[in-house]
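These are the residues of each chain, in order.
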Amino acid sequence: MTAPRIVEMKRKGEAIAVLTAYDYPTARIADEAGAEILLVGDSLGTVVLGYENTLPVTMEDMLHHTRAVMRAKPAALVVADMPFLSYQVSDEQAILNAGRFIQEGGADAVKLEGGERVTGAIRRMVAAGIPVMGHLGLTPQSVLAFGGYKVQARGEADQERLVREAGLLQNSGCFALVLEGIPARLGAQVTRALAIPTIGIGAGVGCDGQVLVSHDLLGLFLGHQPKFVRRYAAVGDVMREAFAHYVADVKARRFPSDAESY
Ligand code: KIV
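Residues numbered from 1 in each chain as written. Predicted model: local features only at pLDDT ≥ 70, side-chain atom pairs only at ≥ 80, totals over all residues. Heavy atoms only, no water.

As recorded in an unreviewed UniProt entry, the chain goes by 3-methyl-2-oxobutanoate hydroxymethyltransferase and comes from Eiseniibacteriota bacterium. Regarding the chain, the UniProt comment filed under Subcellular location (unreviewed entry) reads as follows: "Cytoplasm". Word for word, the UniProt comment on the chain under Function (unreviewed entry) is "Catalyzes the reversible reaction in which hydroxymethyl group from 5,10-methylenetetrahydrofolate is transferred onto alpha-ketoisovalerate to form ketopantoate." (UniProt positions renumbered as here; feature names shortened; annotations may be inferred.)

1. A closer look at the domain arrangement of the chain
Parsing the chain into structural domains produces domain 1 (3-231) and domain 2 (235-262). Placing the centre of domain 1 and that of domain 2 at their C-alpha centroids yields a distance of 39 Å. Summed over both sides, the interface of domain 1 with domain 2 buries roughly 280 Å², with 62% coming from carbon and sulfur. Our enumeration of links across domain 1 and domain 2 arrives at zero salt bridges. Between domain 1 and domain 2 we count two residue pairs in polar contact (both at pLDDT 80 or more) in total. Broken down by class, the residue content of the side of domain 1 that touches domain 2 amounts to three nonpolar, one polar and no charged. (Domains from an automatic or database assignment. Buried area = accessible area lost by both parts, 1.4 Å probe. Salt bridge = Lys/Arg side-chain N within 4 Å of Asp/Glu carboxyl O. Polar contact = N/O pair within 3.5 Å; in protein donor to acceptor, adjacent residues only side chain to side chain. Nonpolar A, V, L, I, M, F, W, Y, C, P; charged D, E, K, R; others polar.)

2. Structural notes on a nonpolar patch on the surface
Taken together, the side chains of Y246, V247, V250 and F255 define a hydrophobic patch exposed on the protein surface, amounting to about 350 Å² of accessible area. Here F255 shows up in the segment after α11 (235-251). Look at F255 and you get partly exposed, because its relative accessible area is 38%. (Patch = residues over 30% accessible without salt bridge, like charges linked within 9 Å, V, L, I, M, F, W, Y side chains within 5 Å. Areas by Shrake-Rupley, 256 points an atom, 1.4 Å probe, with all protein chains shown as cover. Helix = DSSP H or I, 4+ residues; strand = E, 2+ residues; numbered from the N terminus. Buried < 20%, exposed > 50% of the residue type's maximum accessible area, 1.4 Å probe, protein only.)

3. Looking at the packing of helix α6 (residues 119-127) against helix α8 (residues 156-172)
At their nearest, the axes of α6 and α8 sit 9 Å apart, and the two run at 25° to each other. The angle between α6 and α8 places the two elements in the roughly parallel class. Of the two possible hands of crossing, α6 and α8 adopt the one that is right-handed. For the pair formed by α6 and α8, the contact residues are T119, I122, R123 and V126 on the first element and L168, L169, N171 and S172 on the second. Among the residues making up the contact of α6 with α8, the classes are represented as four nonpolar, three polar and one charged. (Axes fitted to C-alpha atoms, helices over the stretch in contact; angles between N-to-C directions. Parallel < 35°, antiparallel > 145°, perpendicular 65-115°, else oblique. Left-handed = near helix turned anticlockwise from the far one by under 90°. Contact = heavy atoms within 4.5 Å.)

4. Let's talk about the sheet that holds strand β4 (residues 109-111)
Strand order in the closed barrel formed by eight strands is β1-β2-β3-β4-β5-β6-β7-β8, and the pairing between neighbours is parallel. Direction aside, the axes of adjacent strands within the sheet are offset by 25° on average. Where strand β3 (residues 77-81) lies against β4, three bridges are found, and the strand directions are parallel. Along β4, the bridge assignment pairs D81 with K111. Sitting on the sheet, α8 is in contact with β5 (132-137) and β6 (176-180), with an inclination near 175° to β5. (Pairing = 2+ DSSP bridges.)

5. Concerning the site of the ligand
Neighbouring residues of the ligand: T20, L39, G41, D42, S43, D81, K111, H135, V178, E180, I201 and V213. In this structure, an oxygen atom belonging to the ligand sits 2.5 Å away from a side-chain N or O atom of S43. The side chain of K111 places a nitrogen or oxygen atom 3.0 Å from an oxygen atom of the ligand. In isolation the ligand offers 260 Å² of accessible surface; the protein chains occlude 96% of this area. Across the shell around the ligand, the residue classes break down as four nonpolar, four polar and four charged. (Near = heavy atom within 4 Å.)

6. A short note on the UniProt feature "binding site: Mg(2+)" (unreviewed entry) in the chain
Following the UniProt record, the feature "binding site: Mg(2+)" (unreviewed entry) maps to D42, D81 and E113 here. The largest pairwise C-alpha distance within this set of annotated residues, which runs over 72 residues, is 10.9 Å, so the set is compact in three dimensions. Mapped onto the elements, D42 comes out in the loop between β2 (37-40) and α3 (44-47). Given a relative accessible area of 4%, D42 falls into the buried group. Not counting residues up to four positions away in its chain, the partners in contact with D42 are T54, V57, M62, D81, P83, E113 and Q141. Tracing the chain through its elements places E113 in the loop between β4 and α6.

7. Some words on the side chain of Q159
Here Q159 lies in helix α8. Beyond its immediate sequence surroundings of up to four residues, Q159 is in contact with A153, R154, P183, R185 and L186.

8. Regarding α11
For α11, spanning 17 residues, the distance from its first C-alpha to its last is 24 Å, which sits close to the expected 24 Å at 1.5 Å a residue. At the C-terminal side of α11, R253 shows a positive phi close to 55°. (Expected span 1.5 Å × (residues − 1).)

9. A look at the packing of helix α5 (residues 91-103) against α6
Orientation of α5 relative to α6, taken along the N-to-C sense of each, is 45°, at an axis distance of 9 Å. Here α5 is positioned oblique relative to α6, judged by the angle of their axes. Crossing of α5 against α6: the hand is right-handed. Facing D91, E92, A94, I95 and A98 of α5, the residues of α6 in contact are G120, A121, R124 and M125. In terms of residue class, the contact of α5 with α6 is built from five nonpolar, one polar and three charged.

What follows is the structure in structure tokens.
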């Protein structure tokens with residue numbers, strides 16, 4: 001999978017399925033399931049590392065997990081999420097960090113959050129040959145400024161700004177745009193206005209594709225579940241039951257059996 005092919009999928013009206021992956025087995029399984037894009041999201045911080053939000057996630061954390069995903073040699077496009085403060089300080093630092101995801105992580109593309117304020121960095125990355133995915137709406141790295149995980153762009157002025165910034169990101173060279181936590185009608189409006197695909201998460205069915213955090217859809221995340229999450233499995237319950245069964249077997253000396261011994 002390539003970034004131009006993702007853009008072509010929009011032209012052909014094909015829906016784009018995106019899953020997050022942070023490790024080797026998840027990347028293999030999500031790839032086998034047919035997802036076109038694997039996002040090594042900085043949601044890593046909340047669903048894997050146990051942080052309250054994504055702000056403590058570092059470049060080293062993200063590179064470590066991007067490499068693990070790349071070892072699965074997925075057919076899907078692998079997009080590495082740029083963590084907080086890895087692209088906001090200066091355009092120079094932004095392009096160097098984006099380059100690390102390509103050179104050291106082996107990723108196919110990077111994603112970063114924000115509108116007008118990040119277009120300079122995006123232009124530099126695109127000029128250097130790095131495919132970039134944008135991210136607008138409820139951008140989690142701004143959770144402190146938003147005062148919580150609240151649906152964004154409910155008012156007319158904010159909606160106009162989001163539509164304008166989506167156009168700016170497209171003109172800066174983004175090959176796709178994540179729209180998170182915005183009214184469904186606005187998600188559809190932005191999707192119609194752009195030639196590049198929109199990938200929605202809590203942005204309605206009118207987007208060109210959808211992304212969910214794998215741990216949310218698997219029922220493996222123990223924290224708050226936003227309204228837009230559909231749970232496709234209860235993997236956390238399966239794990240708890242299996243672990244409890246194992247613990248009971250060990251205590252009752254039912255494990256290991258002769259067949260499981262040398
Ligand atoms: O970090 C992440 O998983 C993301 C998705 C929610 C889009 O940015």
